[in-house]
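Residues per chain, in single letters:
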Amino acid sequence: MLMRMVLAILIATFVCWLFSVLRRRLMKKRTSIANGEVVACTYCSLYVPLEESIILSERPYCSARHAELGSKK
Ligand SMILES: [Zn+2]
């Protein structure tokens, strides 16, 4: 009887720990998406993630080609 109770407590603790780990992973994913800022290309107005954009003269561009064309204007 005591063994069963100990086993049940161990299983419950393990399940709780598993849920907290999974929840933390989900939260991390969600916040990383939410923090992913999107900017519009100065040349073609295409929306690109800030980390993938090319910043030239403090203006965001979607590609090197548009950065080149945009800076010539
Ligand atoms: Zn562009």
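None of these values were measured; they are calculated from a predicted model.

Novice: Go over the overall build of the protein chain with me, naming the residues and quoting the values.
Specialist: Tallying secondary structure elements over the protein chain gives two helices and four strands in all. Its helices and strands taken in sequence order, the protein chain reads α-β-β-β-β-α from the N to the C terminus. The proportion of buried residues among the 73 residues of the protein chain is 11%. Taking the contacts inside the protein chain whose residues are at least 6 apart along the sequence as the reference set, 10% of them involve residues at least 24 apart.

Novice: So what's going on with the environment of Leu 56? Which residues, and what values?
Specialist: With respect to the element layout, Leu 56 can be found in strand β3 (residues 54-56). The class for Leu 56 is partly exposed, based on 15 C-beta atoms found within 10 Å. Between the C-alpha atoms of Leu 56 and Thr 42, which are 14 residues apart in sequence, the distance is 9.9 Å. When near neighbours in sequence (up to four residues on either side) are disregarded, Leu 56 contacts Tyr 61, Ala 67 and Ser 71.

Novice: Go over unusual backbone geometry, please, and point to the residues and values.
Specialist: For Ser 45, which is not glycine, the phi torsion reads 65° and is therefore positive. Using a count of 8 C-beta atoms within 10 Å as the deciding quantity, one classes Ser 45 as exposed.

The rules behind these values
Residues numbered from 1 in each chain as written. Predicted model: local features only at pLDDT ≥ 70, side-chain atom pairs only at ≥ 80, totals over all residues. Helix = DSSP H or I, 4+ residues; strand = E, 2+ residues; numbered from the N terminus. Buried ≥ 20, exposed ≤ 12 C-beta atoms within 10 Å, placed from the backbone. Contact = placed C-beta atoms within 7 Å.

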